[in-house]
Amino acid sequence: MTHLAEIPAWAAVLTCLLLLTGALLTLIGTVGLLRFDSFYQRVHAPTLGATLGIGCILLASMLFFSVLESRAIIHEILITALMVVTTPITLMLLARAALYRDRTEGSDEVPPPPSD
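Definitions and limits used
Residues numbered from 1 in each chain as written. Predicted model: local features only at pLDDT ≥ 70, side-chain atom pairs only at ≥ 80, totals over all residues. Heavy atoms only, no water. Phe/Tyr/Trp six-rings, centres within 6.5 Å; stacked < 30°, edge-to-face > 60°. Buried < 20%, exposed > 50% of the residue type's maximum accessible area, 1.4 Å probe, protein only. Salt bridge = Lys/Arg side-chain N within 4 Å of Asp/Glu carboxyl O. Patch = residues over 30% accessible without salt bridge, like charges linked within 9 Å, V, L, I, M, F, W, Y side chains within 5 Å. Areas by Shrake-Rupley, 256 points an atom, 1.4 Å probe, with all protein chains shown as cover. Helix = DSSP H or I, 4+ residues; strand = E, 2+ residues; numbered from the N terminus. UniProt positions renumbered as here; feature names shortened; annotations may be inferred.

Under an unreviewed UniProt entry, the name given to the protein chain is Cation:proton antiporter, and the source organism is Azospirillum humicireducens.

Participant: Just checking my understanding: could you explain the packing of aromatic side chains for this structure?
Facilitator: Centre distance and the angle of the planes are the two values used to describe a pair of aromatic rings. Taken as a whole, this structure holds two aromatic pairs when the rule is applied. Arranged with centres 5.7 Å apart and planes meeting at 75°, the rings of F39 and Y40 form a pair that is edge-to-face. Here the aromatic rings of F64 and F65 are separated by 5.1 Å at their centres, their planes lie at 85°, and the arrangement is edge-to-face. Overall, F65 belongs to the partly exposed group, its relative accessible area being 24%.

Participant: Got a minute to help me understand the pattern of salt bridges in this structure?
Facilitator: Close approach of charged atoms lets side chains of opposite charge pair. Throughout the structure, instances matching the rule amount to two salt bridges. In this structure, the salt-bridge partner of D102 is R101, at a minimum N-O distance of 3.2 Å. With a relative accessible area of 11%, D102 lands in the buried category.

Participant: Would you explain a nonpolar patch on the surface in this entry?
Facilitator: Judged by side-chain polarity, V84, V85, I89, M92 and L93 come together as a nonpolar surface patch covering roughly 420 Å² of accessible area. Examined against the element boundaries, I89 turns out to sit in helix α4 (residues 76–105). Among the residues examined, I89 registers a relative accessible area of 40% and is labelled partly exposed.

Participant: Just to check I follow, could you spell out the UniProt feature "transmembrane region" (unreviewed entry) in the protein chain for this structure?
Facilitator: As annotated in UniProt, the feature "transmembrane region" (unreviewed entry) corresponds to residues 12–36, 48–67 and 73–95 in the numbering used here. When the span residues 73–95 is considered, its composition is 87% helix and 0% strand, and the gap between its end C-alpha atoms is 36 Å.

Participant: Would you take a moment to explain unusual backbone geometry for this structure?
Facilitator: With the exception of glycine, most residues fall at negative phi, and the peptide bonds are largely trans. One non-glycine residue, S70, lies in positive phi territory at about 55°. Inspection of the secondary structure assignment puts S70 in the loop between α3 (44–69) and α4. Among the residues examined, S70 registers a relative accessible area of 68% and is labelled exposed.

Participant: I'm lost on the environment of E69 in this one. Help?
Facilitator: Inspection of the secondary structure assignment puts E69 in helix α3. Overall, the relative accessible area of 38% leaves E69 in the partly exposed class. Each C-alpha atom, one on E69 and one on I7, is 9.7 Å from the other, the two residues being 62 residues apart in sequence.

Below, the structure written as structure tokens:
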């Protein structure tokens, strides 16, 4: 990392834009977590922020290190794939567990289970 001055201006600017976009998306998800009232609303915003935010940050990392080392750095693709797959699945499992809990407790805020 001693050759940071050798990064072209276009790569530095694009990396900065991707990092700022990722940070902004993550911040928006965090604000949504604080702003919404119910668990079902709160679980949705951070999931979108985390998925899109981490995608931009990983793209910035791939671009920066690919330009710095003059070869394709693609191991972040595995991280991206795992985040894109696991984050929505975790959201779905948490929401279904909460819905099951609320239905068994007889909460009026959730719809009743579908009748067969």
